[in-house]
Amino acid sequence: MSQVLYDVVDGIARITLQNPPVNGLGFAVRKGLVEALDQAEGDAAVSAIVITGNDRAFSGGADITEFGTPRSGWHPGLRTVIEVLEQASKPVVAAIDGVCLGGGLELALGTHFRVAAAQAKIGLPEVKLGLLPGAGGTQRLPRLLGLEAALDLIVTGRIVKASTLANTPLFDRVVETPVVEAAIEFAKEVVRQGTPLKRVRDLKINQPDAEAFLQVARRNIAAANKNQPAPLLCLEAVAGCVSLPFDQGLVNERELFVKLMGSPESLALRHVFAAERTATKIPDIPADTPLRDIRKVGVIGAGTMGGGISMNYLNVGIPVVLLELTQAALDHGVGIIRRNYEISLKRGRLTQAQLDERMALLSTTLSYEDLADVDLVIEAVFEDMGVKEKVFKALDAVIKPGAILASNTSGLDVDVIAGFTKRPEDVIGLHFFSPANVMKLLEIVRGAKTAKDVLATSIAMAKKIGKKPVVSGICDGFIGNRMLMSYRAAAEEILMGGASPASIDKALENFGFAMGPHRMGDLAGLDISWSIRKRRQAENPDVDLSVVADRLCMAGRFGQKNGAGWYKYEAGSRTPIVDPVVEKIIEDYRAEKGITPRTYTDSEIVERCVYALVNEGARILEEGIALRASDIDVVYLSGYGFPLHRGGPMHYAQQVGLFNVVRAIRRFAAQSDKAAEFWQPAALLQNTEAGQALK
Ligand code: T1G
């Protein structure tokens with residue numbers, strides 16, 4: 001099937017891109033475009049040319065699937081296509097609807113005129129892939145929008161509606177009507193009036209204090225992007241607009257683009273882009289699996305999780321029935337939801353009308369009977385199997401056939417929960433992360449009997465509510481929390497070995513973690529993990545699971561929630577302050593264990609904690625709990641603050657080299673008094689050949 005269609009309507013050549021899903025500008029499209037332009041130029045019956053896509057996409061940019069393959073370098077390159085456009089002797093009009101992003105917008109900037117649908121999505125999001133617009137965007141967009149507005153779009157990668165740029169030289173028309181017809185009419189008008197062709201390259205930048213502006217921008221961008229080189233190089237490319245002739249500006253842009261394309265940060269960001277989308281593809285679930293219709297949702301439990309979960313569905317216009325045991329608990333839960341919306345309203349992220357609309361979609365009840373018509377019910381009650389049993393038996397008695405029954409459990413066995421019902425095929429785990437209305441990660445826990453359409457529907461609904469879904473099998477802690485336990489155990493070993501909480505946190509925060517394990521523990525509440533440890537200890541009385549954090553909890557130190565945990569906190573402040581009391585508790589604990597403290601370098605702290613993550617991730621992969629290494633990356637990036645520019649623990653390990661990771665793990669094993677299996681390198685890490693990807 002040709003990826004570029006050509007026809008002529010009343011003397012206007014219409015060139016239509018046809019490369020689903022988003023008209024990526026792959027080799028076939030680039031070549032077809034130039035051939036079509038040559039055909040139009042050579043056809044005396046053609047007086048003007050309109051280029052378009054479809055209502056989903058004009059073009060989503062360069063074809064990302066070609067990156068790193070020879071095709072991305074096959075001629076004609078995108079810059080050549082744009083030059084052919086710009087040098088055409090006949091008027092070329094872009095008819096833009098849907099997404100017009102990256103190379104897609106750069107393509108449109110090469111045309112002489114642009115007509116856009118008001119709702120079209122416009123942007124140069126290359127920076128989010130660790131790149132910069134590499135086909136003239138940094139030179140042409142400032143010539144149309146001015147230096148400041150163009151730089152903002154390029155450095156932030158923000159996507160805006162065409163209607164917000166209607167009164168700028170970027171668009172000759174912004175229409176609410178069908179854009180192709182509008183563009184054809186506009187082209188005819190240009191021909192009738194003999195309007196001179198506008199080549200963006202000929203426009204001048206009007207920015208009197210350009211250098212001063214760029215200097216300030218340079219400082220701000222550098223300060224805000226310590227781990228990502230792309231934003232600053234975007235600025236340096238744009239700076240070429242004012243300091244270089246156009247063609248030199250293109251050369252400068254290209255050199256910076258090539259530099260970023262080869263950077264580890266861009267490799268990581270492109271890996272994440274693909275990983276998030278791959279995670280939604282399940283090998284034994286056909287892409288066209290019919291989905292169950294989810295028009296109404298029930299949530300059991302109006303606590304922090306239940307309230308946050310409810311908001312996700314209210315936000316996309318799906319009515320929610322919230323059930324609790326008492327009216328007081330319901331009122332409290334609804335109050336939290338309203339307060340969260342009011343905070344968004346204050347921050348300008350929500351209008352009053354949207355707030356009212358969402359609250360109107362929320363209803364409450366004390367009776368399970370009121371859930372009889374929901375299509376999906378999510379249980380978010382206390383993490384205890386006995387409580388889950390009561391809830392799921394009650395649900396099984398009233399929920400209509402065909403509805404999905406989900407548990408928000410963070411680690412209990414979903415198969416056991418499914419067994420409380422007569423319909424295990426309709427049961428699934430939807431593990432949200434707190435705060436559930438904010439955190440992007442959603443672990444979708446597939447039970448042995450979970451029906452395929454239930455899983456497919458759960459993935460589709462996750463995307464609809466803006467989550468990043470990852471399917472997990474059943475084990476203690478699923479994917480993320482199981483890895484977190486290993487990460488914390490490695491940190492605990494370093495702490496016992498002589499490092500302080502603050503030095504461990506600093507090393508990991510310098511590596512890029514949003515928060516080190518001790519600050520994270522204080523934020524989450526040390527009592528929560530303490531109760532989980534006590535549950536596990538009760539289940540395994542013959543194993544000593546005690547850790548120094550138990551001593552903090554016994555001393556009533558639960559973290560930020562009561563002003564003292566690993567650190568102490570001034571009233572009303574979240575700033576961690578090193579506390580000599582904690583240092584004494586740790587010293588005493590070391591003495592009890594007969595440990596002679598030693599120093600740890602930052603790099604050893606990072607290696608131990610990150611490789612413990614990687615090793616556990618590899619085990620999870622071996623056991624089939626996760627489908628792919630990249631799924632594990634999505635979990636740890638979206639739910640646990642792993643630094644985005646490192647691509648996730650499994651991607652990072654492959655960049656370091658699995659050989660080196662295994663060698664370090666063996667070194668830790670030799671130094672450790674932990675149970676041997678903790679630092680036993682996973683077979684997958686040992687057996688993956690050099691150059692092979694972790695699978
Ligand atoms: N190339 C190829 N495939 C793409 C693509 C692209 N540019 N963008 C998206 N896809 C695929 C995606 O992988 C998925 O595939 C499907 O389309 C739907 O995507 C020289 C070098 C366009 C806003 O950064 O932001 O141009 O999973 O699930 O939520 O300067 O995709 O179905 O097999 O995200 O509706 C610059 C990246 C490239 C845009 C659509 N462009 N894409 O979002 O669906 S670099 C971008 C997006 C560049 C030049 C440089 C989004 C979207 P599959 P989706 P969506």
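Scroll up to find the structure.
Residues numbered from 1 in each chain as written. Predicted model: local features only at pLDDT ≥ 70, side-chain atom pairs only at ≥ 80, totals over all residues. Heavy atoms only, no water.

K.L.:
A description of the overall build of the protein should follow, citing residues and the corresponding values.
P.N.:
When helices and strands are tallied, the protein shows 27 helices and 20 strands. Over its C-alpha atoms the protein spans a radius of gyration of 28 Å, differing by no more than 12% from the 26 Å that the globule rule assigns to 695 residues. Over its C-alpha atoms, taken along the principal directions, the protein stretches across nearly 90 × 60 × 50 Å. When burial is assessed residue by residue, the protein has 54% of its 695 residues classed as buried. Across the protein, contacts joining residues at least 24 apart in sequence account for 71% of those joining residues at least 6 apart. Summing over all exposed atoms, the protein offers an accessible surface of approximately 29,700 Å²; the carbon and sulfur share of this is 55%. Across the protein, the centroid of the 78 positively charged side chains sits 2 Å from that of the 81 negatively charged ones. (Helix = DSSP H or I, 4+ residues; strand = E, 2+ residues; numbered from the N terminus. Rg over C-alpha atoms; globule rule 2.2 N^0.38 Å. Buried < 20%, exposed > 50% of the residue type's maximum accessible area, 1.4 Å probe, protein only. Contact = heavy atoms within 4.5 Å. Areas by Shrake-Rupley, 256 points an atom, 1.4 Å probe, with all protein chains shown as cover. Lys, Arg positive; Asp, Glu negative; His and termini not counted. Charge placed at Lys NZ, Arg CZ, Asp CG, Glu CD.)

K.L.:
Hey, could you go over the site of the ligand for me, with residue numbers and the actual values?
P.N.:
Surrounding the ligand, one finds 22 residues, the nearest of these being G60, G103, E106, E126 and K281. Within the side chain of E106, an N or O atom sits 2.6 Å from an oxygen atom of the ligand. Taking G134, its main chain carries an N or O atom lying 2.9 Å from an oxygen atom of the ligand. Isolated, the ligand exposes 990 Å² of accessible area, and the fraction of that covered by the protein chains is 74%. Where the shell around the ligand is concerned, the elements lending two or more residues are α3 (103-109) and α10 (264-278). Partitioning the shell around the ligand into residue classes produces 11 nonpolar, five polar and six charged. (Near = heavy atom within 4 Å. Polar contact = N/O pair within 3.5 Å; in protein donor to acceptor, adjacent residues only side chain to side chain. Nonpolar A, V, L, I, M, F, W, Y, C, P; charged D, E, K, R; others polar.)

K.L.:
With reference to specific residues and values, describe the sheet that holds strand β14 (residues 376-379).
P.N.:
Overall, mixed pairing links the eight strands, which are arranged β13-β12-β11-β14-β15-β16-β17-β18 in an open sheet. The open sheet is flanked by β13 (362-365) and β18 (468-472), the only strands paired with a single partner. Strand-to-strand, the axes of this sheet are offset by a mean angle of 25°, without reference to chain direction. Judged from the four bridges that link them, β14 and strand β15 (residues 404-407) form a sheet pairing that is parallel. Paired with E379 across the two strands is S407, which belongs to β15. (Pairing = 2+ DSSP bridges. Axes fitted to C-alpha atoms, helices over the stretch in contact; angles between N-to-C directions.)

K.L.:
Can you explain the pairing of strand β1 (residues 4-9)? Please cite residues and give values.
P.N.:
Taken together, the six bridges between β1 and strand β2 (residues 12-17) define a ladder with antiparallel strand orientation. Residue V4 lies in a different strand from β2, and its bridge partner there is L17.

K.L.:
Account for helix α16 (residues 452-464), naming residues and giving values.
P.N.:
For α16, spanning 13 residues, the distance from its first C-alpha to its last is 18 Å, which sits close to the expected 18 Å at 1.5 Å a residue. Within the sequence span of α16, burial applies to V454, L455, A456, T457, S458, I459, M461 and A462. On the buried face of α16, the contacting elements are α11 (304-314), β15, β16 (427-432), β17 (441-445) and β18. G466, located one to two residues past α16, shows a positive phi value of around 80°. (Expected span 1.5 Å × (residues − 1).)

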